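Below, each chain spelled out in residue letters.
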Amino acid sequence: MSTSAAFHRAIALTEVASGEDGYAFEAQPQPVPWPKAYGGDTVAQSVAAALRTVERDRVLHSVHSSFLRGVDIAEPVRYDVELIRDGRGFSTRHVRGHQHGRLAFMATASFHVPEEFPEHGPSMPDVPGPETLRTSAEALSGLEGPDIEYWSHGRSFDMRHVPGPVYAEVEGERTAHQAVWVRAFDRLDDDPRTHQLALAYVCDYTILEPILRVLGLPWRAEGLITASLDHAMWFHTPARADEWLLYAQESAGIADGRGLGLGRFFTMDGRLVATVAQEGMIRPGRPL
């Protein structure tokens with residue numbers, strides 16, 4: 001059964017310390033079929049921790065993150081939030097994620113009091129609508145394994161690829177571009193912060209896939225190892241993550257075992273919601 005339970009569990013924080021200079025929270029990474037946690041867990045948890053320390057009059061507009069060590073799925077992560085600045089229009093927080101007594105993750109989050117202002121953004125790609133595309137479970141029908149079950153039902157979001165997924169094989173052309181329609185499996189609450197956290201959570205699943213597509217490497221390629229290195233995300237306008245959003249992605253460059261992925265989230269009517277940039281390590285396990 002497909003639900004959004006993993007996302008809700010991931011952003012459930014426990015406050016463990018507070019003081020004049022900052023706060024500390026703990027959060028539990030969610031189970032995955034691999035030894036190390038999903039990177040979106042860590043990004044969303046750090047953002048959730050920062051959000052707990054700012055006033056409701058301001059919204060998250062950017063987060064810049066560095067993944068320093070793999071996160072163990074069996075142990076909670078402690079997020080220490082430093083209150084860098086609270087101005088009239090902007091607030092800044094620095095977040096450090098610790099596990100097993102070592103620094104595993106760092107992020108800087110910035111918040112802004114919304115202002116009335118004209119909007120402009122790039123055009124949304126012209127792609128088939130989500131209802132015409134296969135779900136991940138349909139694309140993986142007939143295959144077995146814990147990774148298949150996770151991709152099919154365990155990621156809290158319905159994800160439908162254009163031109164096709166790269167799970168067991170690279171479907172479609174080896175192009176530097178792809179798009180993914182995404183929507184939470186379940187209805188989320190009406191708090192705009194929940195929907196920003198949902199985007200921060202889901203954005204890491206597929207942002208490196210255009211790089212794999214160019215290289216002809218499916219996720220199931222023997223010996224393939226990937227890791228998120230650094231990540232940046234900008235939020236432009238509010239949108240519901242339980243309604244279809246198009247995540248248009250591209251490979252911006254590949255060299256020296258690293259690839260840079262760029263992505264933009266659009267509403268179905270073409271409004272730009274968020275922009276993502278992420279560099280990842282790619283170790284193919286075989287000569288390319």
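Residues numbered from 1 in each chain as written. Predicted model: local features only at pLDDT ≥ 70, side-chain atom pairs only at ≥ 80, totals over all residues. Heavy atoms only, no water.

Undergrad: What's the story with the overall build of the protein chain in this structure? I'm lost.
TA: Assigned secondary structure in the protein chain consists of six helices and 12 strands. For 288 residues, the compact-globule formula gives about 19 Å, and the C-alpha radius of gyration of the protein chain, at 18 Å, lands near that figure. Once the C-alpha set of the protein chain is aligned to its principal axes, its extents read approximately 55 × 45 × 40 Å. A buried classification covers 51% of the 288 residues belonging to the protein chain. Taken together, the 27 basic and 39 acidic charged side chains of the protein chain have centroids lying 3 Å from each other. (Helix = DSSP H or I, 4+ residues; strand = E, 2+ residues; numbered from the N terminus. Rg over C-alpha atoms; globule rule 2.2 N^0.38 Å. Buried < 20%, exposed > 50% of the residue type's maximum accessible area, 1.4 Å probe, protein only. Lys, Arg positive; Asp, Glu negative; His and termini not counted. Charge placed at Lys NZ, Arg CZ, Asp CG, Glu CD.)

Undergrad: Can you help me understand the sheet that holds strand 4 (residues 77-86) in this one?
TA: Hydrogen bonds between backbone atoms are what pair the strands of a sheet, whose relative direction is either parallel or antiparallel. Pairing is antiparallel across the open sheet formed by 12 strands, whose spatial order is 1-2-4-5-6-3-9-12-11-10-8-7. One side of each edge strand has no neighbouring strand; the edge strands of this open sheet are strand 1 (14-18) and strand 7 (157-162). Taking the axes of each pair of neighbouring strands and ignoring which way they run, one obtains an average angle of 25° across the sheet. In this structure, strand 9 (residues 225-235) lies alongside strand 12 (residues 272-283), joined through 10 bridges in antiparallel fashion. Following the sheet pairing, Ala 227 is matched in strand 12 by Met 281. Against the sheet, helix 2 (residues 39-51) contacts strand 2 (22-27), strand 3 (59-67), strand 4, strand 5 (90-99), strand 6 (102-112) and strand 9, and its axis sits at roughly 55° relative to strand 6. This element, helix 5 (residues 192-202), spans strand 3, strand 7, strand 9, strand 10 (245-255), strand 11 (258-267) and strand 12 of the sheet and lies at about 150° to strand 9. (Pairing = 2+ DSSP bridges. Axes fitted to C-alpha atoms, helices over the stretch in contact; angles between N-to-C directions. Contact = heavy atoms within 4.5 Å.)

Undergrad: Help me understand the packing of aromatic side chains in this model?
TA: Aromatic rings considered in pairs are described by the distance between their centres and by the relative angle of their planes. Applying the stated criterion across every chain, the model contains 12 aromatic pairs. Residues Trp 34 and Tyr 150 carry aromatic rings whose centres are separated by 5.6 Å and whose planes lie at 85° to one another, so their mutual orientation is edge-to-face. With Trp 34 in the loop between strand 2 and helix 2 and Tyr 150 in helix 4 (residues 146-153), the pair connects residues that are 116 residues apart, well separated along the chain. Assessed through its relative accessible area of 38%, Trp 34 is described here as partly exposed. Grouped by ring-pair contacts, the aromatic residues Phe 7, Tyr 38, Phe 157, Tyr 201 and Tyr 205 constitute a single cluster. Directly above the aromatic system of Tyr 205 lies the positively charged group of Arg 155, at a separation of 4.9 Å from the ring centroid. (Phe/Tyr/Trp six-rings, centres within 6.5 Å; stacked < 30°, edge-to-face > 60°. Lys NZ or Arg CZ within 6 Å of the ring centre and 35° of its normal.)

Undergrad: Even after reading the chapter, I still don't get unusual backbone geometry, so can you show me in this structure?
TA: Negative phi characterises most residues that are not glycine, and trans characterises most peptide bonds. Cis geometry marks the peptide bond from Val 162 to Pro 163; its omega dihedral reads 10°. In the Ramachandran plot, Ser 156 falls in the positive-phi region, its phi being about 75° despite a non-glycine side chain. Tracing the chain through its elements places Ser 156 in the loop between helix 4 and strand 7. At Asp 256, a position not held by glycine, the phi torsion is positive, near 60°. Mapping Asp 256 onto the fold places it in the loop between strand 10 and strand 11. The exposed category is assigned to Asp 256, whose relative accessible area is 70%.

Undergrad: Would you take a moment to explain helix 5 for this structure?
TA: Three- or four-residue spacings in an α-helix give side chains the same orientation, since the helix completes a turn every 3.6 residues. Where burial is concerned, most of helix 5 is hidden: 10 out of the 11 residues are buried. Here helix 5 has its buried residues at Arg 193, Thr 194, His 195, Gln 196, Leu 197, Ala 198, Leu 199, Ala 200, Tyr 201 and Val 202.

Undergrad: Could you clarify how one ought to interpret the pairing of strand 12 in this entry?
TA: Consecutive residues of a regular strand have side chains that alternate between opposite faces of the sheet. Of all 12 residues making up strand 12, 11 are buried, and the element is well covered by its neighbours. Pairing of strand 11 with strand 12, which is carried by nine bridges, proceeds in the antiparallel orientation. The residue bridging Leu 262 from the neighbouring strand is Ala 277, located in strand 12. The hairpin formed by strand 11 and strand 12 contains four residues between the paired strands, and Gly 270 there has a positive phi angle of roughly 90°.

Undergrad: Could you clarify how one ought to interpret the side chain of Thr 53 in this entry?
TA: Within the element layout of this structure, Thr 53 appears in the loop between helix 2 and strand 3. Given a relative accessible area of 12%, Thr 53 falls into the buried group.

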